[in-house]
Amino acid sequence: MQCIESIKEFGGYLNRYRHDSAACHCEMTFSVYLPPQAETGRVPALYWLSGLTCTDENARVKAGAQRYAAEHGIALVFPDTSPRGDDVAGVAERYDLGKGAGFYVNATQPPWATHYQMYTYVSEELPALLEANLPLLPGVKSVSGHSMGGHGALICALKDPAGYKSVSAFAPICHPMESSWGQGCFTAYLGDDTQAWQAYDATFLVEAGARVADILIDQGTEDEFYAGKQLLPETFQAACARAGQAVTLRMQDGYDHSYHFIATFIGEHIAYHARALKGS
């Protein structure tokens, strides 16, 4: 784990690291914001999973989250969205498959299975690495994300409810089995058997009995991908209602899919996670 950049922000430090990933069999890059409170003790962590085409760079520059993380004494972890490197499979002409589009699944199909083990990476390997090397409280973490990363946040929490104190999402892909983005990536990464897809679909997981304490989702009404039926938050909300799973879906009038939307409400999400992470 090599620190390749360190920038002081809001009394803490935004650091960037690279390491050799055992899960993804390649070099991975990620960023961590350590608030000023980390200088005197261990702090809880909020993992932020980004969307299609992103790297760790997008959220750490555009979301404006570090100010709020410093106020609440929470570390922010920004993983990449896929494995990277010349040996890693990709589709140059597509933004929604391959590099930048790992979909937070463990691929089982060639040529993807060798490197695209993003679920294991973000839920197991990266937390273990960081808790062993940085001043983070062991096992005290929450998860959030945007779009494809919102999907990732939901499935991480639903598949391991004891592993996360809270979960939220911005414009998540809530039912990828029924969206063209999800169908395309799931077919490539997991094969044609749709039963294999169910383990990575938040709506199905809730229908199958997965439960967390609460879920917060913000969705912009002017989001082109919401209008294009890629996200399907109401389908997820209906599944939660049938199952008795608590969820707050806030439809934010006039907001789109961009980081302008995220930056507007990120402070509220960090406060939501801070309450859960600190037990207040």
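The structure we're discussing is the one just above.
Just so you know, these numbers come straight off a predicted model, no measurement behind them. (Residues numbered from 1 in each chain as written. Predicted model: local features only at pLDDT ≥ 70, side-chain atom pairs only at ≥ 80, totals over all residues. Heavy atoms only, no water.)

**A look at the nonpolar core**
Here is step 1 of the chain: If you look at the biggest cluster of nonpolar residues, it comprises 93 residues, and the most contacted ones within it are Phe103, Trp112, Tyr121, Leu130, Tyr189 and Phe236.
Here is step 2 of the chain: Of all the elements, helix α10 (residues 259-278) adds the most residues to this core, at 8 residues.
Here is step 3 of the chain: Not counting chain neighbours up to four residues away, the residues in contact with Leu130 comprise Met1, Phe30, Val32, Tyr47, Val77 and Leu136. (Core = buried A, V, L, I, M, F, W, Y, C linked by side-chain atoms within 4.5 Å. Buried < 20%, exposed > 50% of the residue type's maximum accessible area, 1.4 Å probe, protein only. Helix = DSSP H or I, 4+ residues; strand = E, 2+ residues; numbered from the N terminus. Contact = heavy atoms within 4.5 Å.)

**Quick word on the sheet that holds strand β8 (residues 216-220)**
In any sheet, the strands associate via hydrogen bonds between backbone groups, in a parallel or an antiparallel arrangement.
Here is step 1 of the chain: A sheet is described by the order of its strands in space; here 3 strands give the open sequence β7-β8-β9, paired in parallel fashion. Only two strands of the sheet have a single partner each, and these edge strands are β7 (168-170) and β9 (248-252). The average undirected angle you get between the axes of adjacent strands in this sheet is 15°.
Here is step 2 of the chain: In the sheet, β7 pairs with β8 via 3 bridges, with the strands oriented parallel. If you follow Ala169 over to β8, its bridge partner there is Ile217.
Here is step 3 of the chain: On top of the sheet, helix α9 (residues 233-243) reaches β8 and β9; it is set at about 155° to β9, its chief contact. (Pairing = 2+ DSSP bridges. Axes fitted to C-alpha atoms, helices over the stretch in contact; angles between N-to-C directions.)

**As for the sheet that holds strand β3 (residues 26-34)**
Here is step 1 of the chain: Reading across from one edge, β1-β2-β3-β5-β4-β6 is the order of the 6 strands in this open sheet, with mixed pairing throughout. Two strands close off the open sheet at either side, each with one partner strand: β1 (2-9) and β6 (136-145). Direction aside, the axes of adjacent strands within the sheet are offset by 25° on average.
Here is step 2 of the chain: Strand direction decides the pairing type here: strand β4 (residues 43-49) and β6, joined by 6 bridges, are parallel. Counterpart to Leu49 in the pairing with β6 is Gly145.
Here is step 3 of the chain: Sheet strands in contact with helix α3 (residues 118-133) are β2 (12-21), β3, β4, β5 (75-78) and β6, and its direction is about 60° off that of β3.

**A look at unusual backbone geometry**
Here is step 1 of the chain: Between Pro110 and Pro111 the backbone carries a cis peptide bond, its omega angle lying at -5°.
Here is step 2 of the chain: Within the fold, Pro111 resides in the loop between β5 and α3.
Here is step 3 of the chain: In this structure, His25 is a non-glycine residue whose phi angle is positive, near 55°.
Here is step 4 of the chain: Examined against the element boundaries, His25 turns out to sit in the loop between β2 and β3.
Here is step 5 of the chain: Given a relative accessible area of 52%, His25 falls into the exposed group.
Here is step 6 of the chain: The phi torsion at Tyr104 lies on the positive side, around 55°, for a residue other than glycine.
Here is step 7 of the chain: Summarising the element assignment, Tyr104 is placed in the loop between β5 and α3.
Here is step 8 of the chain: Tyr104 sits in the buried class, given a relative accessible area of 0%.

**Some thoughts on a negative patch on the surface**
Here is step 1 of the chain: Together, Glu222, Glu224, Asp253 and Asp256 make up a negatively charged patch on the protein surface.
Here is step 2 of the chain: Exposure remark for Glu224: the relative accessible area of 57% places this residue in the exposed category. (Patch = residues over 30% accessible without salt bridge, like charges linked within 9 Å, V, L, I, M, F, W, Y side chains within 5 Å. Areas by Shrake-Rupley, 256 points an atom, 1.4 Å probe, with all protein chains shown as cover. Salt bridge = Lys/Arg side-chain N within 4 Å of Asp/Glu carboxyl O. Lys, Arg positive; Asp, Glu negative; His and termini not counted. Charge placed at Lys NZ, Arg CZ, Asp CG, Glu CD.)

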